[in-house]
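One letter stands for each residue in the lines below.
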Amino acid sequence: MSALNVPAPAKINLFLAITGRRTDSFHDLVSLAAPLLWGDVVEVSLRETGFTLECEHPDVPAGEANLVIKAAQAFAAASGWGGGAHFVIRKKIPAGSGLGGASSDATAALKALNSLTGEPLDGAALARVAASVGSDCVLFLSPIPVVMRGRGERTEPLAKEAYSRIRGMRVMIFKPQFPIPTPWSYARLVADAPRGYVTPGRAEARLSGWIDTPGLSTEELLFNSMEKPAFTKYPAIPVLIDYLRNRFGISARMSGSGSACYALVNEDLSASQVEAAVRETWGPSAFFVESRIA
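Remember, predicted model here, so these are calculated numbers, not experimental data.

A. Looking closely at the pairing of strand β2 (residues 27-47). Alignment of strand β1 (residues 3-21) against β2, held across 16 bridges, turns out to be antiparallel. Residue pairing across strands places N5 opposite E43, the latter belonging to β2. Counting the residues in the hairpin turn of β1 and β2 gives 5 residues, including S25, whose phi is positive at 75°. Note that β2 and strand β5 (residues 146-149) share 3 bridges and pair antiparallel. Residue pairing for β5: S31 is matched across the bridge by M148. Of the strand pairs in this sheet, β2 and strand β4 (residues 84-90) are connected by 7 bridges, and their pairing is antiparallel. In the strand pairing of β4, V44 is matched with F87.

Here's what the structure looks like:
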């Protein structure tokens, strides 16, 4: 086998607490990230030498600035493999959305290369390579929701009972036309420190309290430290969230550093009505899609 198509799912952060800045300029966090059944597809074809990439989306860099190429180079260095590959990204996840598109694409490329070359890297080695590519990459090695710690590279699968409470849950995802640069969001947290951070103890208590208490609804868990700086600069986001709560009774939250938001909804809610409300508030260029938690 010399070619492979690998799904690169989007993710949402059901819980994201930024607990402080590290000495290496990254941030520590505690998060519960859930992959969706919707996302990109990465096509990988082996070749003798070199790594090349194409994507029809104009916002996706085609050269070494793309994390897929960085992931391929890191894989080759770690495995000793001397071949090359051509990558095609079938893009659905919008850029600058906080849905993990670039990281998911890179991890899909890693998994494909490892499979196509006879799996020279075991799970632990693949995780180390993924962590070297990007903080969010490791979470996409798991097909189910994971708890993330450190800068995101330390992951563990969500406990079975807690996973059963969210598996297959219906999700609506929507994004305004504008993106939110992740570096800007973290810079605002630093500028507002320590008020923007959550203490590690509080973060762990809230997450473990939900995991260990079957009777708690998922809405009791939802939290995102990155909302405060985003909402201050981009008031269109909280305006829509409030509107959806008042009109439909749903609790929408922002994923990652934004600008995409999501809502966990029941089976009876009309997607077309919610989509119309999103476009009414954010304009006809707003992005909207429906999926489920994997």
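B. Molecular detail of the sheet that holds strand β10 (residues 261-264). With respect to topology, 4 strands assemble into an open sheet ordered β9-β10-β7-β11, the strand pairing being antiparallel. The open sheet is flanked by β9 (252-254) and β11 (287-292), the only strands paired with a single partner. Here the strands of the sheet are splayed against their neighbours by 25° on average, with no regard to which way each runs. The pairing of strand β7 (residues 170-175) with β10 spans 4 bridges and is antiparallel. The residue bridging V171 from the neighbouring strand is L264, located in β10. The strands that helix α8 (residues 236-248) touches are β7, β9 and β10; relative to β9, the one it contacts most, it runs at about 160°. The strands touched by helix α9 (residues 271-282) are β7, β10 and β11; relative to β11, the strand with the most contacts, the crossing angle is about 150°.

C. Representation of the pairing of strand β3 (residues 51-55). Pairing of β3 with β4 involves 5 bridges; the strand directions are parallel. Bridge pairing in β4 places F51 opposite A85.

D. Fine view of the nonpolar core. Within the largest apolar cluster, 35 residues are counted, with the highest numbers of intra-cluster contacts made by M172, F174, I237, L244, V274, V278 and W282. For this core, the secondary structure elements donating two or more residues are β1, β2, β5, β7, α8, β9, β10 and α9.

E. View of the pattern of salt bridges. Evaluated as defined, the whole model comprises 16 salt bridges. Between E280 and R247 there is a salt bridge, with its nearest N and O atoms 3.7 Å apart. Residue E280 is found in helix α9, and its partner R247 is found in helix α8; the two are separated by 33 residues along the sequence. A network of salt bridges, in which partner residues are shared, links R22, D24 and D28.

F. Structural context of unusual backbone geometry. Geometrically, the link from A193 to P194 is a cis peptide bond, its omega value of 0° lying close to zero. With respect to the helices, strands and loops of the structure, P194 is situated in the loop between α5 (182-191) and α6 (200-211). Residue G258 is joined to S259 through a cis peptide bond whose omega torsion reads 10°. Even without being a glycine, S25 presents a positive backbone phi close to 75°.

G. Representation of the side chain of K11 within the structure. Relative to the elements of secondary structure, K11 occurs in strand β1. For the buried K11, no salt bridge is present, and the opposite-charge side chain at shortest range is D136, 4.3 Å distant. In terms of polar contacts, K11 uses its side chain to reach the side chain of N13, at 2.4 Å. Dropping the residues within four chain positions of it, K11 is found in contact with A34, P35, G98, L99, G100, D136, L139, F140, S255 and G256.

H. Layout of the packing of aromatic side chains. As enumerated under the stated definition, the model contains 9 aromatic pairs in all. Arranged with centres 4.8 Å apart and planes meeting at 15°, the rings of F178 and Y234 form a pair that is stacked. With F178 in the loop between β7 and α5 and Y234 in the loop between α7 (227-233) and α8, this residue pair connects regions lying 56 residues apart in the sequence. Given a relative accessible area of 26%, F178 falls into the partly exposed group. Judged by relative accessible area, which is 16%, Y234 ranks as buried. The interplanar angle of 70° and the centroid separation of 5.8 Å between the aromatic rings of W184 and Y234 together place this pair among those described as edge-to-face. Of this pair, W184 sits in helix α5 while Y234 sits in the loop between α7 and α8, placing them 50 residues apart in sequence. The class of W184 is partly exposed, set by a relative accessible area of 21%.

Rules and cut-offs
- Residues numbered from 1 in each chain as written.
- Predicted model: local features only at pLDDT ≥ 70, side-chain atom pairs only at ≥ 80, totals over all residues.
- Heavy atoms only, no water.
- Pairing = 2+ DSSP bridges.
- Helix = DSSP H or I, 4+ residues; strand = E, 2+ residues; numbered from the N terminus.
- Axes fitted to C-alpha atoms, helices over the stretch in contact; angles between N-to-C directions.
- Contact = heavy atoms within 4.5 Å.
- Core = buried A, V, L, I, M, F, W, Y, C linked by side-chain atoms within 4.5 Å.
- Buried < 20%, exposed > 50% of the residue type's maximum accessible area, 1.4 Å probe, protein only.
- Salt bridge = Lys/Arg side-chain N within 4 Å of Asp/Glu carboxyl O.
- Lys, Arg positive; Asp, Glu negative; His and termini not counted.
- Polar contact = N/O pair within 3.5 Å; in protein donor to acceptor, adjacent residues only side chain to side chain.
- Phe/Tyr/Trp six-rings, centres within 6.5 Å; stacked < 30°, edge-to-face > 60°.

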